[in-house]
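Read off the chains here:
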Amino acid sequence: MDAVRVALLREVLAGTQWLGATRRFAGALRGSVVSHGGGLLLVGTADYEPWHLAAHLVDEAAWSGTPELAPTLVRHDPRPSDPAHLAVGLGRLAGARRGETLLVVSPEGPGAALLERVHDARRAGAAVLALGDGGGELTAMAHESLTVPEGAELDLDTVQHLVSAAAGENSLPSPSGGRRRFRDRLSRLMDALTAPPPASW
C-alpha cells in the first residue's frame, strides 16, 4: 500500500479509534527501537509470517532515516537455501537480550511454544510488543499491544500498513519527547533519496 492509499485510508478512518490506536502503537514501536538501539525482531506464528510488515518497515526505515526500524524477520521453519535475511529461525529469540525489541504479529494467538520463547525474551530484558488477536497471555506479557479482533472494521493486514506508515513518520515524538529539527529531517530525507533501495523481500 503506497503513501497515497494510506492517506486515503486515514481520511476514511477519521473519527474512528483506529488512527489513534495505530499511531500510539507505532510510536511505542519506534520509541522502543530508537531509544534501545538493540534491533527489532519480528515474528509471526507457524501459520502466519508477517512478510509484508517486514518489507514495509524496511522501506519506512530507509525513507525516515531510522535504520533501527528495519527488522530481522524470525521464521518458524526457514530452509538452508533461503537468503540470509530470510534464514533466521526461532533460535534467534533465545538470544534476545536487554535493549532489543520483539514484535509478535499473531492473527489467532500464538502457540504455547512461541509464548514460552516470548516469555524468555522478556525475562532476558527484551521489550515485547504484540499486534493482532494475541489472546490473554500474549497481551498480558507485552509491554505494548494493539488488538485486532476477528470481525473488526479493519483486518490485520490493513492495520499493519497503518502501523508501519506511522512508525516511519518523522512527526512522531522522539524518545526525548521533542520533535526533530527541520534541518535534521531535511538531511535524513536527502540521505534516503540518495541511498540505494533496500533489498527486496
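For the structure, check the block above.
Described in the following lines is the structure provided in the data block. Everything numeric here is computed off the predicted structure, so don't read it as measured data.

Moving on, we come to the overall build of the protein chain. Scanning the protein chain from N- to C-terminus turns up eight helices and five strands. Mapped from its N terminus to its C terminus, the protein chain presents α and β elements in the order α-α-β-α-β-α-β-α-β-α-β-α-α. In the protein chain, buried positions account for 43% of the 201 residues. Restricting to contacts in the protein chain with at least 6 residues of sequence separation, those with at least 24 account for 69%.

A word on helix 2 (residues 17–36). Relative to the 28 Å expected for 20 residues at 1.5 Å per residue, helix 2 spans 28 Å between its end C-alpha atoms, a close match to the ideal helical length. Within the span of helix 2, buried status applies to Trp-18, Leu-19, Ala-21, Thr-22, Phe-25, Ala-26, Leu-29, Arg-30, Ser-32 and Val-33.

This part is about the environment of Leu-138. Position of Leu-138 relative to the elements: it lies in helix 6 (residues 135–141). In sequence terms Leu-138 and Val-118 are 20 residues apart; their C-alpha atoms lie 8.3 Å from each other. Leaving out residues up to four positions away in the same chain, Leu-138 has contacts with Val-104, Ser-106, Pro-110, Leu-115, Val-118 and Ala-130.

Right, let's talk about the sheet that holds strand 1 (residues 40–43) for a bit. Strand order across the open sheet formed by five strands is 2-1-3-4-5, with parallel pairing between neighbours. The outermost strands of the open sheet, each flanked by one partner alone, are strand 2 (71–74) and strand 5 (144–146). Across the sheet, the mean angle from the axis of one strand to that of its neighbour is 20 degrees, orientation sign disregarded. The sheet contact formed by strand 3 (residues 101–106) and strand 4 (residues 127–132) spans six bridges and is parallel. In the sheet register, Leu-103 faces strand 4, and the bridge partner there is Leu-129. Helix 3 (residues 51–64) rests against strand 1, strand 2, strand 3 and strand 4 of the sheet, and its axis sits at about 165 degrees to strand 2. Here helix 5 (residues 112–123) sits on the sheet and contacts strand 1, strand 3 and strand 4; the angle it forms with strand 3, its principal contact strand, is near 160 degrees.

For the coordinates displayed, the defined rule picks out eight salt bridges. Here Arg-24 and Glu-144 are joined by a salt bridge, their closest N and O atoms 2.1 Å apart. Of this pair, Arg-24 sits in helix 2 while Glu-144 sits in strand 5, placing them 120 residues apart in sequence. Note that Glu-49 is salt-bridged to Arg-75, the shortest N-O span being 3.2 Å. Here Arg-75 lies in the loop between strand 2 and helix 4 (91–94) and Glu-49 lies in the loop between strand 1 and helix 3, a separation of 26 residues in the sequence. There is no split in this pair, since Glu-49 and Arg-75 are both buried. Taken together, the shared-partner salt bridges connect Glu-49, Arg-75, Arg-79 and Asp-82 into one network.

Analysis parameters
Residues numbered from 1 in each chain as written. Predicted model: local features only at pLDDT ≥ 70, side-chain atom pairs only at ≥ 80, totals over all residues. Heavy atoms only, no water. Helix = DSSP H or I, 4+ residues; strand = E, 2+ residues; numbered from the N terminus. Buried < 20%, exposed > 50% of the residue type's maximum accessible area, 1.4 Å probe, protein only. Contact = heavy atoms within 4.5 Å. Expected span 1.5 Å × (residues − 1). Pairing = 2+ DSSP bridges. Axes fitted to C-alpha atoms, helices over the stretch in contact; angles between N-to-C directions. Salt bridge = Lys/Arg side-chain N within 4 Å of Asp/Glu carboxyl O.

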